[in-house]
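Structure at a glance
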Amino acid sequence: MDLIYEKRWTSDSEDERQKFKHAYRLGLNGFIIDKRLISFDLGGSFSQEINSPGETIDSHSFSANIKLLSEKPRKGFLRHFPQPINLRYSNFATLDSSAHSYGVSLIYGPTENPLFSRKIAQIERERRLKKIMKQAAQRKQESEEESEEEEETEENGNKNGNNGNKGEPPAVEKEKPFDINRFPTFLLDYDKYTYESHNNNTNTDRFDLRAQSTGRNLGLRAEYSYYNYDTGAQSANNFQDIALSSEFHAYDDKAATRLDILNSALLSDNDDLRSMDFRNRINWQQKLGKERRDLITLRGNGNYFISDDDENYEVGGSGSYWKFFSTKLKDDISIDISQGHTDKGAIYNIAAANSLTYVLSKRFTTTNSLSVGQTELGSNIAAGLGLLANIRPVPVSMSAHYYFSSFALDEGRTDYHRLQLIISGRLAKRVNFSSRNSYHISDVGGSEPFRERGYDLRADLYWNISKFSINAGASDTSTERTGDSGADIPDTGALRTTSLYSNISVYLSRRMFLTLSSSYTTDSTGKSITDINPVLSWHARQVTLTAEYEMINTSDPSPGTDHRVIVRLTRTFERQLRPFW
């Protein structure tokens, strides 16, 4: 049960609005005969919203979820059914509109059906028999080889003959990497949605059928999807997709290698617009070095897309090498190459990058990065330099970073500079602070070149004491755009925004909690906004009471003060019913 009262008013008394809403929700969950056979979850709600001035809005809803065969039956005819089976239904109505939906989901595994059990058991018996015969032949061959070795040893007078394999258990055939479940698992989902109103009727159907089979290293998946959206006024929109995918994973702990291969194909029909999309991903990794701290990675990818009005493809490869020289020096080198074709013509990308981290001392660490590349538009370059410092005796961490990039555009180039400074630390036992500051310059070329410069400053203070948690901070942001001649661009120009904000949280008692948030924001246009928002929460057993007040004062362009008060009372009733059958 919910009781909600809300009141809004502004400086103009004619804008006063009040709303009272009472809502009731009733739910029932349980099972029939046995929870493994049939379990259900039923729910219904009714609400009435009384607006002053305005109309009264009544709403009601109902939902039902039924789950059948949540556990595999051991015997009986129920073993022939898919399990589990989920049935769902929902209904919602308010004013002159209503919505209905129903659906079903089920999972079916042929290995669980007794109709296939005999055939499956026969296949498994034949497989085990072949394995036993193969192992017996191997043992016989090994025994003959050992007998020949013992005879040769006795003839040579060697009393320490090789008999170390005697008494060892027979070798077991390892699982093949391509072994998968011979019988896939099928999953089905169907949902029907209907929406009706005085000027709009919508019917939606969605159907999904999936089949998947997995093994230790290999996984296969096939999916068919159908989606129909009918508004009545226009022709229906139909979407059909067929998706096929395979995954292969291979691991070698001794060699410390890993291989991943992903393949997918998607065939789509979107209102008679057909397309095909093929993708391939290959990733190979190997750890090197005595402690396996070095890592080499090779990647390959290929994409091909074709539709009734478009065709494009892309192939590429990349490699990276992570070198761990010592705890003080680490290096990362990467190369990326790709080539393809789109409706705009041929595209390609060649890039090389290097990132180096060096620990100068216990207090200072440097990071350096450099990347160069070439595309069909022109050359690209990016570079960065950073310094991390830990200052003592006051525990303060400071990092400074400079970044530069130059990229080719369709017309001209764009150059970007950014200088960043981050400081964080502890002022006292329970007082921490952080500050993030950056300054950037962008030069954008092309038919309408411009320069943008600006800064972003932010500082926060955190204080935890007893039952109080306090956060206070300030931010200042400025952005300015100018053209090549230095004249300000009218539609952008310069803008500066300054904000002050705080948040105080306190436990008034064991069950009562108060949060007070406030902020003040002003900009260079003269507009300022003040926001004050206290929230009081009280919780006792199954009763929750929340009281909230918010005041927003705006100075420009429409000066005024908006007020809002919300009081909400929630009561939960829970009781276990006795079986009535």
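None of the values given here were measured: they were computed from a predicted structure.

**Description of the pairing of strand β14 (residues 311-324)**
Sheet topology places strand β13 (residues 294-307) next to β14; 12 bridges connect them, and they run antiparallel. Directly across from Gly302, in β14, lies its bridge partner Val315. If you look at the hairpin formed by β13 and β14, you'll find three residues sitting between the two strands. In terms of strand pairing, β14 meets strand β15 (residues 329-342) through 12 bridges, oriented antiparallel. Pairing of Ser318 across the sheet is with Asp336, part of β15. Two successive antiparallel strands, β14 and β15, enclose a turn made up of four residues.

**Description of the side chain of Glu550**
Tracing the chain through its elements places Glu550 in strand β27 (residues 543-554). For Glu550, a relative accessible area of 16% gives the class buried. A polar contact is formed between the side chain of Glu550 and the side chain of Arg564, at a distance of 2.8 Å. Aside from chain neighbours lying at most four places away, what touches Glu550 is Asp531, Ile532, Asn533, Asp562, His563 and Arg564.

**Observations regarding the side chain of Thr561**
Here Thr561 shows up in strand β28 (residues 560-571). Here Asn553 takes part through its side chain, which lies 2.7 Å from a polar atom of the side chain of Thr561. Leaving out residues up to four positions away in the same chain, Thr561 has contacts with Trp9, Thr10, Ser11, Met551, Ile552 and Asn553.

**Comments concerning unusual backbone geometry**
The peptide bond linking Gln83 to Pro84 adopts the cis configuration, its omega dihedral lying at -5°. By secondary structure assignment, the location of Pro84 is in the loop between β4 (56-68) and β5 (85-94). Despite not being glycine, Ala256 shows a phi value in the positive range, around 55°. Relative to the helices and strands, Ala256 is located in the loop between β10 (237-252) and β11 (257-270).

**Observations regarding the pattern of salt bridges**
The full count for this structure, using the stated rule, is 22 salt bridges. Of the charged contacts in the structure, one is a salt bridge between Lys7 and Glu16, with a shortest N-O distance of 3.7 Å. Here Lys7 falls in the partly exposed class, since its relative accessible area comes to 25%. Looking at Glu16, the relative accessible area reads 32%, which means it is partly exposed.

**A look at the confidence of the model for the protein chain**
Confidence in the prediction of the protein chain, expressed as mean pLDDT, is 85, and 86% of residues score 70 or more. The secondary-structure element of the protein chain with the lowest mean pLDDT is helix α1 (residues 114-155), recorded at 71, while β13 shows the highest, at 95. Within the model, the stretch residues 485-491 combines pLDDT values under 50 with eight contacts to residues more than four positions away or in other chains.

**Quick notes on the pairing of strand β3 (residues 38-52)**
Judged from the 15 bridges that link them, strand β2 (residues 17-32) and β3 form a sheet pairing that is antiparallel. Each bridged residue has a counterpart across the sheet, and for Lys19 the counterpart in β3 is Asn51. Counted between consecutive antiparallel strands, the loop separating β2 from β3 contains five residues, among which Ile33 sits at a positive phi close to 65°. Sheet topology note: the β3/β4 ladder contains 13 bridges and is antiparallel. Paired with Gln48 across the strands is Asp58, a residue of β4. Hairpin connection, β3 to β4: the antiparallel pair is bridged by three residues, and Gly54 has positive phi, about 150°.

Calculation criteria
- Residues numbered from 1 in each chain as written.
- Predicted model: local features only at pLDDT ≥ 70, side-chain atom pairs only at ≥ 80, totals over all residues.
- Heavy atoms only, no water.
- Pairing = 2+ DSSP bridges.
- Helix = DSSP H or I, 4+ residues; strand = E, 2+ residues; numbered from the N terminus.
- Buried < 20%, exposed > 50% of the residue type's maximum accessible area, 1.4 Å probe, protein only.
- Polar contact = N/O pair within 3.5 Å; in protein donor to acceptor, adjacent residues only side chain to side chain.
- Contact = heavy atoms within 4.5 Å.
- Salt bridge = Lys/Arg side-chain N within 4 Å of Asp/Glu carboxyl O.
- pLDDT = per-residue confidence, 0-100.

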